[in-house]
Amino acid sequence: MRASRLVSLLLLLQTRGRLTAAELAAALEVSIRTVYRDVESLCAAGVPVYAERGPAGGYRLIDGYRTRLTGLTSDEAEALFLAGMPGPAAELGLGSVLATAELKLRAALPTDLAERGARLRHRFHLDAPGWFRDPEPTPHLAALANAVWEDRRVRVRYRRWQAPREVDRTLDPLGVVLKAGRWYLVAAADGQIRTYRVGAILELTVLGEPADRPDGFDLAACWREHADLYERSVYRAEARVRMTVAALAQTAHLFPPAMSRAAREAADEPDADGWLVTSVPIESIRHGHVELLKLGAQVEVLAPAELRERLTGTAHALAALYPRTDVGAGREPATDTDAPSGVRGVAGAVRGGPDAVVGPPRTALRR
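Residues numbered from 1 in each chain as written. Predicted model: local features only at pLDDT ≥ 70, side-chain atom pairs only at ≥ 80, totals over all residues. Heavy atoms only, no water.

Go over the sheet that holds strand β8 (residues 237-244), please, and point to the residues and values.
Strand order in the open sheet formed by three strands is β9-β8-β10, and the pairing between neighbours is antiparallel. The open sheet has two edge strands with one neighbour each: β9 (275-282) and β10 (299-303). Sheet twist, expressed as the mean angle between neighbouring strand axes with direction ignored, is 35°. Sheet analysis places β8 next to β9, joined by eight bridges and oriented antiparallel. Bridge pairing in β9 links arginine 240 to serine 279. Contacting β8, β9 and β10, helix α13 (residues 305-321) runs over the sheet at an angle of about 145° to β10. (Pairing = 2+ DSSP bridges. Helix = DSSP H or I, 4+ residues; strand = E, 2+ residues; numbered from the N terminus. Axes fitted to C-alpha atoms, helices over the stretch in contact; angles between N-to-C directions. Contact = heavy atoms within 4.5 Å.)

Next comes the structure, spelled out in structure tokens:
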């Protein structure tokens, strides 16, 4: 542990320059007294670490001194190879750069570590886009990424959802983010930080003037705040529902995560029939109608009335579209014994058997 910490201290001074004992202690998660002892050990080993006193003082390496020691463990070497994302890197125009960097890294590592890292690449693969989604064309991504890197202001023609659909914007690009296979630009516009889908940029012009980047801007923190705000703001309404315990479990697979999580957290204790009452956040009546239909007869909307009426209309329309053909035509409903094996579950569902699709108890139906 101490040898690894000494290597880390040396590399911190080599990569960051002058650092105070307090900064080193925070980075290494040790006490300041431990930093003092480690610096003394490095000096005793012949590493030229110098201490400078005063308000601007700290520890630093003598000018020009560099170590070729990396201190990589086998796990760290494997993680570096796993971190490479050839797909997104190629979209950013860095595919060949990443390949060259990986080649250099492999050449610099000891043979056993290089082989472990290469073997890992053949056993693990990162596929960023979500299921059932074609890649979104992003013809301006590489130029935009270069503008972000060079801190250059850009002018874009952007297609948005509301009218007017196409607008011109002058932006100070701050970073790009890959989220579920979609690229987003985080940029400052009119004094506010906003996000733009890169695939919706129709035209891009990189300007010669420098971008205005806020001091201390943290892209990761900004994106987390934006994502949290979006999830909170998109659900503007709430549906009060009764559903089965099984339906509540199915929401984890059928609903977006925020909807399912809120439904589970708000759920009351189930009654003797296995039904419970909970609240489900929805974007709108139309959105709630589409999402709750996924649960079929295992959910009953209690409020709002407009959503209940819309689901009632859908239920009546479905009943008219799929009338029962086994009743009222002079014969009894099919049984499990006389039905083909492929439809026995349907017969059981009609009678409420073990294969039934659970619906509200008859005594609980409301008119």
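I'd like to hear about the pattern of salt bridges, residue by residue, with values.
What the rule picks out here adds up to 14 salt bridges. A salt bridge links glutamate 52 to arginine 60, with the nearest nitrogen and oxygen atoms 2.4 Å apart. The salt bridge involving aspartate 268 is made with arginine 240; its shortest N-O contact spans 3.7 Å. Taken together, the positions of aspartate 268 in the loop between α11 (257-266) and β9 and arginine 240 in strand β8 put the pair 28 residues apart, joining distant regions of the chain. Beyond isolated ion pairs, a larger network of salt bridges with shared partners links Arg18, Glu52, Arg60 and Asp63. (Salt bridge = Lys/Arg side-chain N within 4 Å of Asp/Glu carboxyl O.)

Explain the pairing of strand β5 (residues 182-189) to me, and be specific about the residues and the numbers.
The element β5 is largely enclosed, with a buried count of six among its eight residues. Here strand β4 (residues 166-179) hands over to β5 after two residues, with alanine 180 in that stretch at a positive phi of 50°. Following β5, the chain reverses through two residues before pairing antiparallel with strand β6 (residues 192-197); aspartate 190 in that reversal takes a positive phi of roughly 55°. (Buried < 20%, exposed > 50% of the residue type's maximum accessible area, 1.4 Å probe, protein only.)

Any chance you could break down the packing of helix α1 (residues 2-16) against helix α2 (residues 21-28) for me, citing the residues and the numbers?
Closest axis-to-axis distance for the α1/α2 pair is 11 Å, and the angle between their directions is 125°. When the axis of α1 is compared with that of α2, the two are oblique. Handedness of the crossing formed by α1 with α2: right-handed. Between α1 and α2, the contacting residues are Arg5, Ser8, Leu9, Leu12, Leu13 and Arg16 on the first element and Leu24, Ala27 and Leu28 on the second. A breakdown of the residues in the contact of α1 with α2 according to their chemical character gives six nonpolar, one polar and two charged. (Parallel < 35°, antiparallel > 145°, perpendicular 65-115°, else oblique. Left-handed = near helix turned anticlockwise from the far one by under 90°. Nonpolar A, V, L, I, M, F, W, Y, C, P; charged D, E, K, R; others polar.)

Describe the packing of aromatic side chains, with residues and values.
Enumeration according to the criterion identifies two aromatic pairs in this entry. Here tyrosine 158 and tyrosine 196 contribute two aromatic rings whose centre-to-centre distance is 5.3 Å and whose plane-to-plane angle is 85°, an arrangement assigned as edge-to-face. Taken together, the residues tyrosine 158 in strand β3 (residues 152-159) and tyrosine 196 in strand β6 connect sequence positions 38 residues apart. Of the two residues, tyrosine 158 and tyrosine 196, neither departs from the other in class, the shared state being buried. (Phe/Tyr/Trp six-rings, centres within 6.5 Å; stacked < 30°, edge-to-face > 60°.)

Report on a nonpolar patch on the surface, specifying residues and quantitative values.
Judged by side-chain polarity, Leu318, Leu321 and Tyr322 come together as a nonpolar surface patch covering roughly 360 Å² of accessible area. Here tyrosine 322 is to be found in the loop between α13 and α14 (344-351). Its relative accessible area of 60% is what places tyrosine 322 among the exposed residues. (Patch = residues over 30% accessible without salt bridge, like charges linked within 9 Å, V, L, I, M, F, W, Y side chains within 5 Å. Areas by Shrake-Rupley, 256 points an atom, 1.4 Å probe, with all protein chains shown as cover.)

Got a sec to walk through helix α9 (residues 219-234)? Specific residues and values, please.
The terminal C-alpha atoms of α9 lie 22 Å apart, and with 16 residues this matches the ideal 22 Å at 1.5 Å per residue to within 8%. Along α9, the residues classified as buried are Cys222, Trp223 and Val234. What you see down the axis of α9 is that its buried residues fit within an arc of 95°, all on one side. Exposed residues on α9 whose side chains face more than 90 degrees from its buried face are Arg224, Glu225 and Arg232. Along its buried surface, α9 packs onto β4, β5 and β6. Capping of α9 at its N-terminal end is provided by aspartate 218; its side-chain oxygen lies 3.1 Å from the backbone amide nitrogen of alanine 220. (Expected span 1.5 Å × (residues − 1). Arc of directions from axis to C-beta. Polar contact = N/O pair within 3.5 Å; in protein donor to acceptor, adjacent residues only side chain to side chain.)

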